[in-house]
Amino acid sequence: MAVKVVEDWLNACSGCEISILNIGDALLGILPQLEFVHMTALIDHKFFGQLGDGTAMDIPEAVVGIVSGGVRNEEMKHELEEIRKKVKFLISLGSCACYGGVPAQANMFKNEETFEKVFRQSVTTEPAPDPKDPNVPPWTSTCMAVDEVVKVDIAIPGCPPHPDWIAEAITALLEGKTAWSLPERSVCDTCPVIREQKSGGGPVKRWLQNMEFNPEEGLEKMRCINEQGFLCMGPVTLAGCAGKTGVPRCIQARTPCRGCFGPIRKGARPMVEMMGALTSVGLDPKSLVDRRAMMNRYIGGHGVLTVLPARPAR
Ligand code: SF4
Ligand code: SF4
Ligand code: SF4
């Protein structure tokens, strides 16, 4: 009998769902064993009845729940709590679900400040509905990772997560395993560039200048991005973005790792460790513009990014 699956997005962009589809041939192998009973992106199954006439959220019972996106408002929180009640195993899919993701950068501001700047004073877009409108679900006090609200059994990080790992985690569950995680190694551990453990020193360079590489040559001839003086989050970021084999995706494109797979291990402090990594090659981490946001770009949930008290005027 096929294993029933509920898949849902919360504060998400749909990239994680595209990654599920990108599993490709391997998906064809596991699909006969799965029965998706709810998937917002692909199945027309509505929570409040097909005509919207239901009064309670109707989430089908399932063995596996897969949730992408973090929790940004009370409606998403309720949806997630209801899903958790209906499934045996819950997978948080993608860095928004695992760590809050890029939307959790808003945790550096009071909600009211964000409403004012983004929704009411935006000069580049049509005015959005005011978040205080009674028809708009109220925001939660912070943008949360899924495991800040309910118990999560398996976390698959990445923005987006690599299809190899989605297939592997689902296959593990189908084989009766209840735990799965990526090996604890860094993006640097899988990066082929030249490293000399030193840079030219001085401030971290801004991307107003280009780094050096010869497009005709392989990456093994390119100098490490940190050692060229730019910020690359590889030393403190979990490896796996290229799937089971291969060079980290951003490095393949000769751009720095931005940290999208999150910390290498639970409880790690990437900002502190990254400042150490920059210092170890002779760069001044304090020179990095907006370093709190840059070094916590995908991991602002779990209280990593908070509103700092205003500094007293000097
Ligand atoms: S983790 Fe990335 S791809 Fe997935 S929902 Fe968040 S922003 Fe989109
Ligand atoms: S810092 Fe970046 S460029 Fe350097 S080895 Fe690590 S991932 Fe590669
Ligand atoms: S190199 Fe870093 S930012 Fe780029 S995809 Fe891989 S983990 Fe994500």
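Predicted, not measured: the structure shown is a model, and the values here were computed from it.

Engineer: So what's going on with the overall build of the chain? Residues and values would help.
Structural biologist: Along its length, the chain carries 9 helices and 9 strands. Against the compact-globule benchmark of 20 Å for 314 residues, the chain has a radius of gyration of 21 Å, which places it among compact chains. Counting only C-alpha atoms, the chain reaches 65 × 55 × 35 Å along its principal axes. For the chain, the proportion of its 314 residues judged to be buried stands at 46%. In the chain, the share of contacts with a sequence separation of at least 24, taken over all contacts with a separation of at least 6, comes to 78%. As presented, the chain carries roughly 16400 Å² of accessible surface, and 55% of it is formed by carbon and sulfur atoms. Seen as two clouds, the 34 positive and the 37 negative side-chain charges of the chain have centres 8 Å apart.

Engineer: With reference to specific residues and values, describe the site of ligand 1.
Structural biologist: The environment of ligand 1 is formed by A12, C13, G15, C16, G94, S95, C96, G158, C159 and P160. Residue assignment for the shell around ligand 1 shows that the elements contributing at least two residues are α1 (15–21) and α4 (95–99). Per-class residue counts for the shell around ligand 1 are 6 nonpolar, 4 polar and no charged.

Engineer: Outline the pairing of strand β5 (residues 87–93), supporting the account with residue identities and numerical values.
Structural biologist: For β5, the buried fraction is high: 6 of the 7 residues fall into the buried class. Across 6 bridges, the pairing between strand β3 (residues 62–68) and β5 is parallel. Looking at β5, one finds that V67 is bridged to S92. Pairing of β5 with strand β7 (residues 154–156), which is carried by 3 bridges, proceeds in the parallel orientation. Directly across from S92, in β7, lies its bridge partner A155.

Engineer: Requested: an account of the domain arrangement of the chain, with residues and values cited.
Structural biologist: For the chain, the domain assignment lists domain 1 (3–174) and domain 2 (183–302). The C-alpha-based centres of domain 1 and domain 2 are spaced at 28 Å. The interface is formed by 23 residues belonging to domain 1 together with 20 residues belonging to domain 2. Where domain 1 packs against domain 2, one counts 1 salt bridge. Among the ionic pairs, K244 bridges to E168, the shortest N-O distance being 3.3 Å. Of the residues that constitute the side of domain 1 that touches domain 2, the class distribution is 12 nonpolar, 7 polar and 4 charged.

Engineer: Describe in detail the sheet that holds strand β2 (residues 34–39), supporting the description with residues and values.
Structural biologist: Strand order in this open sheet of 5 strands is β2-β1-β3-β5-β7, and the pairing throughout is parallel. A strand with exactly one partner marks an edge of an open sheet, and here the two such strands are β2 and β7. When the angles between neighbouring strand axes are averaged without regard to direction, this sheet yields 25 degrees. Across the sheet, helix α3 (residues 74–86) is in contact with β1 (3–9), β3 and β5; its angle to β5 comes to roughly 135 degrees.

Engineer: Now, about the side chain of E7: what can you tell me, with residues and values included?
Structural biologist: Structurally, E7 can be placed in strand β1. One buried charge, E7, has no salt-bridge partner; the nearest side chain with opposite charge is K46, at 15 Å. Each residue touching E7, except ones within four places of it in the same chain, is listed here: E17, I20, F36, H38, M39, T40, I66, S68 and L93.

Engineer: Report on unusual backbone geometry, specifying residues and quantitative values.
Structural biologist: Residue P160 is reached from C159 by a cis peptide bond, and omega for that bond is -5 degrees. With respect to the helices, strands and loops of the structure, P160 is situated in the loop between β7 and α6 (163–174). Positive phi outside glycine occurs at S14, with the angle close to 85 degrees. By secondary structure assignment, the location of S14 is in the loop between β1 and α1. The exposure class of S14 is partly exposed, given its relative accessible area of 25%. Here Q197, not a glycine, exhibits a phi torsion of approximately 60 degrees, which is positive.

Engineer: Help me get a handle on α6, residues and values and all.
Structural biologist: Compared with an ideal rise of 1.5 Å per residue, which puts 12 residues at 16 Å, α6 spans 16 Å between its outermost C-alpha atoms and is within 8% of the ideal. Taken together, the buried positions of α6 are occupied by P163, W165, I166, A167, A169, I170, A172 and L173. In the segment just after α6, G176 is the residue with positive phi, at about 95 degrees.

Engineer: Give me the lowdown on the environment of E116, citing residues and values where you can.
Structural biologist: Secondary-structure assignment places E116 in helix α5 (residues 111–120). For the pair E116 and P131, spaced 15 residues apart in sequence, the C-alpha separation works out to 9.5 Å.

Engineer: Residues and numbers for the environment of L308, please.
Structural biologist: By the secondary structure assignment, L308 is in the segment after α9 (291–295). By relative accessible area, L308 is classed as exposed at 51%. Remark: the alpha-carbon pair of L308 and P131, spanning 177 residues in sequence, is separated by 23 Å.

The rules behind these values
Residues numbered from 1 in each chain as written. Chains lettered and ligands numbered in written order. Predicted model: local features only at pLDDT ≥ 70, side-chain atom pairs only at ≥ 80, totals over all residues. Heavy atoms only, no water. Helix = DSSP H or I, 4+ residues; strand = E, 2+ residues; numbered from the N terminus. Rg over C-alpha atoms; globule rule 2.2 N^0.38 Å. Buried < 20%, exposed > 50% of the residue type's maximum accessible area, 1.4 Å probe, protein only. Contact = heavy atoms within 4.5 Å. Areas by Shrake-Rupley, 256 points an atom, 1.4 Å probe, with all protein chains shown as cover. Lys, Arg positive; Asp, Glu negative; His and termini not counted. Charge placed at Lys NZ, Arg CZ, Asp CG, Glu CD. Near = heavy atom within 4 Å. Nonpolar A, V, L, I, M, F, W, Y, C, P; charged D, E, K, R; others polar. Pairing = 2+ DSSP bridges. Domains from an automatic or database assignment. Salt bridge = Lys/Arg side-chain N within 4 Å of Asp/Glu carboxyl O. Axes fitted to C-alpha atoms, helices over the stretch in contact; angles between N-to-C directions. Expected span 1.5 Å × (residues − 1).

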